[in-house]
Each structure stands twice: as C-alpha cells, then as structure tokens.
Amino acid sequence: MKEDKQSRREFVKQSSLLAGGLVAAPFLSHAGGYFNSVDDTIKIALVGCGGRGTGAAMQAMLTKQNVKLVAMADAFRDRLDSAYAALTDENSEEGNVKAKVAVPEANKFVGFDAYQKAIALADVVILTTPPGFRPIHFEEAIRQGKHVFMEKPVATDPAGIQRVLRAAEEAKKKKLNVVVGLQRHYQNSYRELFKRVKDGMIGEITSGQVWWNNDGVWVNMRKPGQTEMEYQMRNWYYFNWLCGDHINEQHIHNLDVMNWFKGDYPVKAFGLGGRQVRTGKEYGEIYDHHYVEYHYADGTILNSQCRHIKGTYAIVDEMFVGTKGVVKCGAAEITNKGKALYKYDRKNENNPYQTEHDELFAAIAKGEYKFADAENGAKSTLTAIMGRMATYSGQVIEWDKALNSGLSIMPTTFAWDADMPVKPDANGFYPVATPGVTRYFS
C-alpha cells in the first residue's frame, strides 16, 4: 500500500506534464486511485435522487473531508429538484451541507442517459437509483475511472450480477474504491461480533436463521397520462426488473450477514412463497412472503424468512448457531447454553450509514485503495435472487446454474414508450409467478 501513496498535489503536478487533453480528463487512471482536483476537493456526482440518494449524498457531505456535490442525475426532474431542495435546506435535521452543494443548472441531468453526463464531472459517484439500473451505472462509473458508493442490491437478475462482477474486477485493476451499502459491515456491534466468531468463540457455524418481517413499504398509484415505463419506475418496488422483490431489496441485508459471518455463499436454495394479502394491481408482480432454505457446501443450512403483511409479528434480525455457542445479532451478544460469553456495550454503537461514507472518503482523501465491496455485494445479491427464483418456481435453484444462466429480466431499450418486460392485462393486473408452473431451467 505504501508505494500507492503520494500527495495529491504531487500527483496533479506530475500529471500536468502529460498531454494537455489528458489533464482535462475527469479522472486519470493511476495505481493509487487518486482524484485530480488541484484544490484537493473531492467532487461527487449523485445518480438517483430519491430518498436514499438524498440521504447518501448528505452523509457524504457530512464527512470530515473536503467534498462538494457537483452534479446530479435522475430520470425524473421532480425527484432531482426535491433532492436538491433537501440538500440545500439550512435547517435540515441531518445537518447543514448547503455550502458543499455546488450544482449549477447545467450540471442537473434528467433522463435515461443522465448518469453518463453526471459521472463525467466527478471523482466519486453515488449510485442510488432503483437496483435494476445498478449494473449499467456501476459499469459506466468504473469505465470512466471513478470511485463508487452504491446502494444494495446491485442487480435484479443473473445477467446483471455478471456485469457487476466483471466491473468489480476492472475496479480492482484500476484500484478504485467501491463501497456497497450493506451497512452492517460498518456497524460497530456487528464488527465486534464478527471478530469473535472469526476468533472461534462459537466454533463452526452449523446453521442460521435470518428475518426481515414487517408491514411493507410505500405504494405509488398510477396517474393519468403515465406511460407504462413511467408508471413502473414511479412504483418501482413492485416490479422485478427494477426491484427484484423485497427478498432482494430488503432481505439482502440479513442474507449478507450470514454470508459474511460464514465466509461463504450457498450452493443451492429451495423454498416457498406467494401473495396472500398484498394482491391488488398496485402491487405489481412481487410476492408478500418468502421462506427459503439455503444450503452451503459444508452442510450448513440457513433458514430465511421475509414478509410484508400488516398486523403480523415484525422481526428484522440474524441468529447463527455454532458448535460452541450462538450469535444473536440484534441483541449483540454471544451465548452458550444460556450463559453469556460476550455482550456488546451499546454505548459504543455508531451510525453505520455515516461510517461507511466516513471511511470511504477518508481513504480517497489519503490516496489509499482500501475498499472492494462490489464482489461480495454481487454475490449476496445473487443469494437473494436465487431465493426469489426458488420461491417463484418451487424448484431447487443451484448457485452455479443461476449465475451462469444469462437470465435477464430487463427491458431491451430504455425510453418512455419502450416495450416492457411485464405488462398489465385488460383489468390492470400483472402476471405473477406460479410455483410448479414458472420455470427457469429445463
């Protein structure tokens, strides 16, 4: 790592001796992953201006580093304007970052190609659109040589996973830092539990239980005049090409914790699910509950539950059973036969959403190559996708077969009048997967 470190000013000075056109490039491909701002400002572009994008941009600007938001991109102008207003609000509860927002009208980009224009102006890109777009945007950010923070999940189908894995390898070659918003990796209590699991406190993990059971999320109803593309993008949570179902969009957090603590990924999955309560046309094509049994190569079994049904028992947590003890992540403790082996002091808990940005931007400011989250992000996303394929089909889904299937559920073109991969019938209802009928492999 030492040979990768040099001052940012020294790097810029050396670069200025090169051909003039090269100096003007937004990023110069170099082993250290440096940015080129001569005043040491780290320039940020926000791609995806919804609530999570606004929050992520806020957290980036609340770091201790000299950062400025210089470009914004979204498919919808109203979303961009809403995010801009929130980020320039001097009375925001999260903090006042108005002085760090330097986005003139010329740097506000709208449409399906907006991401390309915004990425070109920055050193670091925040990717927070609906996850179906993530492979496309991540691929472009790495092609242009940018550091990346991207939200989970990182794809909605196996073809997208392959694109992310290829771009992740390119990011490593270019020594570009990539952080994925699986924020439990940046949470103090989880980090301390993980250390003790790796040190052998619970022995070998033999089984696990993970849950994301709650009421569900928002719905955006169809409005007059919307094309099918606009409606699905406005109501993106309920369409698989955009969201991947709630097992992918939310439950990935819990599945990822198991993969992380286990140090491996499942080889197969099977399970059940359906739409028992959330059956209206406004809920698109996704299920309201999934139960998946994941098997790892060494015989470890993970039981996974996620449910979106109002009035039911809510739990979002992870628990792992080892040969010498049990990890209870929500309680931040490790026990053996009821006896406490370790208990994390909650007084030392942090805000992991902020920490992931603090650590990413600190590394970039120092000229360090430190973060390569994209591969794990892709593989934990595939874990969730494999679970969805298992519940939708009722079949056993194998890791290698899914990963190499080339299955894509994305539109072939992106335009407001584009032909969509899933369409409503005459009554406005969308086709829904049927176990025993829906198949992915012959």
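Only a predicted model underlies this, so the values are computations on that prediction, with no experimental measurement involved.

**Here's the deal with the layout of surface pockets**
Taken as a whole, the largest pocket holds about 910 Å³ of empty space. As for the largest pocket, its lining consists of 41 residues, of which Gly50, Thr128, Thr129, Pro130 and Trp236 are closest to the centre. At the level of elements, α3 (51-61), β2 (67-74), α4 (77-87), α5 (114-119), α6 (134-143) and α9 (228-234) are the ones that each hand at least two residues to the lining of the largest pocket. Ranked by residues supplied to the lining of the largest pocket, first place goes to α3 with three residues. Reported here for the second largest pocket is a volume of approximately 310 Å³. Lining the second largest pocket are 15 residues, with Asn240, Glu285, Tyr392, Ile409 and Tyr440 positioned closest to its centre.

**Comments concerning the UniProt feature "domain: Gfo/Idh/MocA-like oxidoreductase N-terminal" (unreviewed entry) in the chain**
Residues annotated in UniProt with the feature "domain: Gfo/Idh/MocA-like oxidoreductase N-terminal" (unreviewed entry) correspond here to residues 42-174. End C-alpha to end C-alpha, residues 42-174 measures 18 Å, and it is 41% helix and 19% strand.

**As for the packing of helix α8 (residues 188-198) against helix α11 (residues 252-262)**
Pairs of packed helices are described in terms of their axes, by the angle between the two and the distance that separates them. Contact geometry of α8 with α11 gives a least axis separation of 10 Å together with a crossing angle of 35 degrees. Residue-level inspection shows Tyr190, Arg191, Leu193, Phe194, Val197 and Lys198 of α8 in contact with α11, the latter providing Val257, Trp260, Phe261 and Lys262. Across the contact of α8 with α11, the residue classes tally to seven nonpolar, no polar and three charged.

**Some words on the pattern of salt bridges**
Under the counting rule described, the total for this entry stands at 24 salt bridges. With a closest N to O distance of 3.2 Å, Lys152 and Glu249 form a salt bridge. With Lys152 in the loop between β5 (147-150) and α7 (158-174) and Glu249 in helix α10 (residues 246-249), the pair connects residues that are 97 residues apart, well separated along the chain. Taken as a pair, Lys152 and Glu249 share a single burial class, namely buried. For Arg196, the salt bridge goes to Glu192, with nearest N and O atoms at 2.8 Å. Highlighted residues: Arg196 and Glu192, both in helix α8, separated by four residues, approximately one helical turn. Since its relative accessible area comes to 23%, Arg196 is described here as partly exposed. Taking the relative accessible area as the measure of exposure, Glu192 reaches 21% and is therefore partly exposed. Shared partners join several salt bridges into a network, and the residues in it are Arg77, Asp81, Glu105 and Lys108.

Parameters at a glance
- Residues numbered from 1 in each chain as written.
- Predicted model: local features only at pLDDT ≥ 70, side-chain atom pairs only at ≥ 80, totals over all residues.
- Heavy atoms only, no water.
- 1 Å grid on protein atoms, 1.4 Å probe; cavity = no way out; pocket = protein on both sides within 12 Å on 5 of 7 lines; lining within 4 Å.
- Points joined across faces, edges and corners; volume = space filled by probe spheres on them.
- Helix = DSSP H or I, 4+ residues; strand = E, 2+ residues; numbered from the N terminus.
- UniProt positions renumbered as here; feature names shortened; annotations may be inferred.
- Axes fitted to C-alpha atoms, helices over the stretch in contact; angles between N-to-C directions.
- Contact = heavy atoms within 4.5 Å.
- Nonpolar A, V, L, I, M, F, W, Y, C, P; charged D, E, K, R; others polar.
- Salt bridge = Lys/Arg side-chain N within 4 Å of Asp/Glu carboxyl O.
- Buried < 20%, exposed > 50% of the residue type's maximum accessible area, 1.4 Å probe, protein only.

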